[in-house]
Amino acid sequence: MATAAEQWVLVEMVQALYEEKEELIEEWQPEPLVPPVSGDHPALNYNVVSGPPSHNIVVNGKKCVNFASFNFLGLLDDPRVKAAALVSLRKYGVGTCGPRGFYGTFDVHLDLEDRLAKFMQTEEAIIYSYGFATIASAIPAYSKRGDIVFVDRAACFAIQKGLQASRSDIQLFKHNDMADLERLLKEQEIEDQKNPRKARVTRRFIVVEGLYMNTGTICPLPELVKLKYKYKARIFLEESLSFGVLGEHGRGVTEHFGISIDDIDLISANMENSLASIGGFCCGRSFVIDHQRLSGQGYCFSASLPPLLAAAAIEALNIMEENPGIFSVLREKCKRIHKALQGISGLKVVGESFSPAFHLQLQESTGSREDDVKLLQEIVNHCMDRSIALTQARYLEKEEKCLPPPSIRVVVTVEQTDEELERAARTIKEVAQAVLL
Amino acid sequence: MGGGSADSVPPIERAQMGEGGCFLETAGVEASAAPRAPRASEASRMNVGVAHSEVNPNTRVMNSRGIWLAYIILVGLLHVVLLSIPFFSIPVVWTLTNVIHNLAMYVFLHTVKGTPFETPDQGKARLLTHWEQMDYGLQFTSSRKFLSISPIVLYLLASFYTKYDAAHFLINTASLLSVLLPKLPQFHGVRLFGINKY
């Protein structure tokens, strides 16, 4: 039993601990709710656009040629599209005030889903009202805890958020490196052989983009399909940048490579780029797409797409189907400016030659990302002074899994004439020489 | 997994109140207060009180209103059906009731895993049996006590009606142990020899 003297020591120790606790509480300083931000943060100095962001865009009161908006087919200012939207506006009003399951389904939605399914030659399509939410809802609808997703390192932020929401095991493979993907798949196969009962209940997915937003490169779809059948994984293809761009009729990467669309389990795309509408769609087999009608969080719990935008998308699809020649015209223009921008000292062109959205990165980084961003911003500002509207690719730097290097993103649209492309290439060359030397 | 998670406290209070009880009571009060109410209002009250924000309804189905009574009636029904078969003597019928009840309880509570519906938590309970899902893993709740005591009560009745015969005793005891052991908190999430793990 403890003696009286030892008991005194225990009480003293406890009292000392309490005092220490009080001291620590007094010393503690809370972090500010809003951390201090420097005055030249890009979110605080934004450019103001007056009027539509069409081919001739008015930025900060200055008329420029638009090389920044993803208006690939120039449908943003198309009179037919605007007329269809106005007719729909007069008929339905502006919003739908309800999700699809709660009186928010209009005939234009069903029409658009039908048309998209027919256009992409799949069984069914499903519409989301926000492009970002499309792939971010589609992935967690199929992939749950315990499932494995193999995803490219350069996947866009929407895919990353979808993967985070899915709570699955994420395996990143190096960008467009099929050998790395095969290595990961092989390792998974070995794990599966060790534990076949667990393997029987785990689903495997491969998530890739057709044309990557962060790098402008194309995914090697034929090898991916081979790997899919060899290792029994399902492919989710995100075609936001390649829908309405690649392929003979604009159907995307599958048409570009001549792969049967039944080999891809789910195609998800943004309607905010080529179709110049808002929202997104997923298409595939009925068996696959029907599941999202109850499990797609963005479908069930968000208000549906405003009918005027759905009507605009239908009209845009009509235009795409009527002149399939614009896709090759767009690709020609992309190749032209890609060639024209080669050989700038200090800037390198990152992206495929036929990609309408490619990046200009610094050949040699200064060492700190902030300085790189400042340099590129100078180039962008000078180009803006010479009426070429460019933008830097912006990321949430703390949230991205694999942050791409800072770059200027150049977008090519069908509406840009050859002279404007030449002028843009010349301007960028001169400005880059002036700023970087 | 284990008791004491923050969101398990409300289910206990609801269990003691009886789920949906207050809604039915208010509906009853309104119905009696307006006896001349037309049929349409009764139809429009169809889905009053059915929306819930429970992430995994499996966790509180055994706390629902009337389910304990339904369970007892079901066991009684099984017993009466077995009693109606002319070949079985009373001891055999009681042993059969005990064994079939325990077998069904083992299959539904301790073998079948996950949920028959999709849950918004991305499959957190995919590998858990219904017993492990009950009340989000909180131990010694009223439903758990009820479901542990009911096989014991059946066992006592079966022992009495089989006049403590040796063979019946062995069968009934083995059956009782098979259904009591998985209910121990020490066996929460335990899968012996990897059986039923995935």
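Residues numbered from 1 in each chain as written. Chains lettered and ligands numbered in written order. Predicted model: local features only at pLDDT ≥ 70, side-chain atom pairs only at ≥ 80, totals over all residues. Heavy atoms only, no water.

> Tell me about the sheet that holds strand 11 (residues 347–350) of chain A, residues and numbers included.
Residues and elements named next belong to chain A. Taken in spatial order, the four strands line up as 11-12-15-14 in an open sheet, and their pairing is antiparallel. Whereas interior strands pair on both sides, the edge strands pair on one side only; in this sheet they are strand 11 and strand 14 (391–392). Of the pairings in the sheet, the one linking strand 11 to strand 12 (residues 357–362) comprises four bridges and is antiparallel in character. From the neighbouring strand, Lys348 faces strand 12, where its bridge partner is Gln361. (Pairing = 2+ DSSP bridges. Helix = DSSP H or I, 4+ residues; strand = E, 2+ residues; numbered from the N terminus.)

> Outline the UniProt feature "domain: Aminotransferase class I/classII large" (unreviewed entry) in chain A, supporting the account with residue identities and numerical values.
Here, the residues flagged by UniProt with the feature "domain: Aminotransferase class I/classII large" (unreviewed entry) are residues 63–428 of chain A. From the first C-alpha to the last, residues 63–428 of chain A spans 17 Å; its make-up is 45% helix and 16% strand. (UniProt positions renumbered as here; feature names shortened; annotations may be inferred.)

> Could you give me a rundown of the sheet that holds strand 10 (residues 280–284) of chain A, with the residues and numbers involved?
Residues and elements named next belong to chain A. Taken in spatial order, the seven strands of this open sheet run 4-10-9-8-7-5-6, and their pairing is mixed. The two strands at the open ends of the sheet, each matched to only one other strand, are strand 4 (124–128) and strand 6 (169–173). Neighbour-to-neighbour, the strand axes of the sheet open up by a mean angle of 20°, direction not taken into account. The pairing of strand 5 (residues 148–152) with strand 7 (residues 204–209) spans four bridges and is classified as parallel. Within strand 7, the residue paired with Ile148 across the bridge is Arg204. Helix 5 (residues 157–166) contacts strand 5, strand 6, strand 7 and strand 8 (234–238) of the sheet and is inclined by roughly 165° relative to strand 5. Docked against the sheet, helix 8 (residues 221–231) engages strand 7 and strand 8, running at close to 155° with respect to strand 8. (Axes fitted to C-alpha atoms, helices over the stretch in contact; angles between N-to-C directions. Contact = heavy atoms within 4.5 Å.)

> So what's going on with the environment of Thr97 of chain B? Which residues, and what values?
All names here are of chain B. As for its placement among the helices and strands, Thr97 is situated in helix 5 (residues 90–111). Its relative accessible area of 1% is what places Thr97 among the buried residues. As a C-alpha pair, Thr97 and Met134 span 37 residues in sequence and 25 Å in three-dimensional space. When near neighbours in sequence (up to four residues on either side) are disregarded, Thr97 contacts Leu78, His79, Leu82 and Leu154. A distance of 2.8 Å separates the side chain of Thr97 from the backbone oxygen of Val93, its partner in a polar contact. (Buried < 20%, exposed > 50% of the residue type's maximum accessible area, 1.4 Å probe, protein only. Polar contact = N/O pair within 3.5 Å; in protein donor to acceptor, adjacent residues only side chain to side chain.)

> Report on the pairing of strand 9 (residues 266–270) of chain A, specifying residues and quantitative values.
Residues and elements named next belong to chain A. The buried count for strand 9 comes to five of five residues, which makes it a mostly enclosed element. Here three bridges tie strand 8 to strand 9, and the two strands are oriented parallel to one another. Across the sheet, residue Glu238 finds its bridge partner in strand 9, namely Ser268. Strand direction decides the pairing type here: strand 9 and strand 10, joined by five bridges, are antiparallel. Residue pairing in the sheet places Asn270 in a bridge with Gly280 of strand 10.

> A description of a nonpolar patch on the surface should follow, citing residues and the corresponding values.
Residues and elements named next belong to chain B. On the surface, a cluster of nonpolar side chains totalling about 760 Å² of accessible area is made up of Leu83, Ile90, Ile149, Val153, Leu157, Phe160, Tyr161 and Tyr164. Here the nonpolar patch gets five residues from one element, more than from any other, and that element is helix 7 (residues 142–161). Relative to the helices and strands, Leu83 is located in helix 4 (residues 67–84). (Patch = residues over 30% accessible without salt bridge, like charges linked within 9 Å, V, L, I, M, F, W, Y side chains within 5 Å. Areas by Shrake-Rupley, 256 points an atom, 1.4 Å probe, with all protein chains shown as cover. Salt bridge = Lys/Arg side-chain N within 4 Å of Asp/Glu carboxyl O.)

> If you had to explain the interface of chain B and chain A to someone new, which residues and values would you point to?
Interface size is often expressed as the accessible area that is lost when the parts come together. In this assembly, 10 residues from chain B lie in contact with 16 residues from chain A. If you sort the residues of chain B by the area they bury against chain A, Gln122, Arg126 and Tyr198 of chain B come out on top, with a joint share of 65%. The salt bridge partner of Glu118 of chain B is Lys144 of chain A, with a shortest N-O separation of 2.9 Å. Linking chain B with chain A are 11 residue pairs in polar contact (both at pLDDT 80 or more). (Buried area = accessible area lost by both parts, 1.4 Å probe.)

> Report on the packing of aromatic side chains, specifying residues and quantitative values.
Applying the stated criterion across every chain, the model contains 14 aromatic pairs over all chains. Ring geometry for Trp94 of chain B versus Tyr161 of chain B: centroids 4.7 Å apart, planes at 0°, classification stacked. Residue Trp94 of chain B is located in helix 5, and its partner Tyr161 of chain B is located in helix 7; the two are separated by 67 residues in the primary sequence. Pairwise contacts between aromatic rings join Phe119, Phe243 and Phe281 of chain A into one cluster. (Phe/Tyr/Trp six-rings, centres within 6.5 Å; stacked < 30°, edge-to-face > 60°.)

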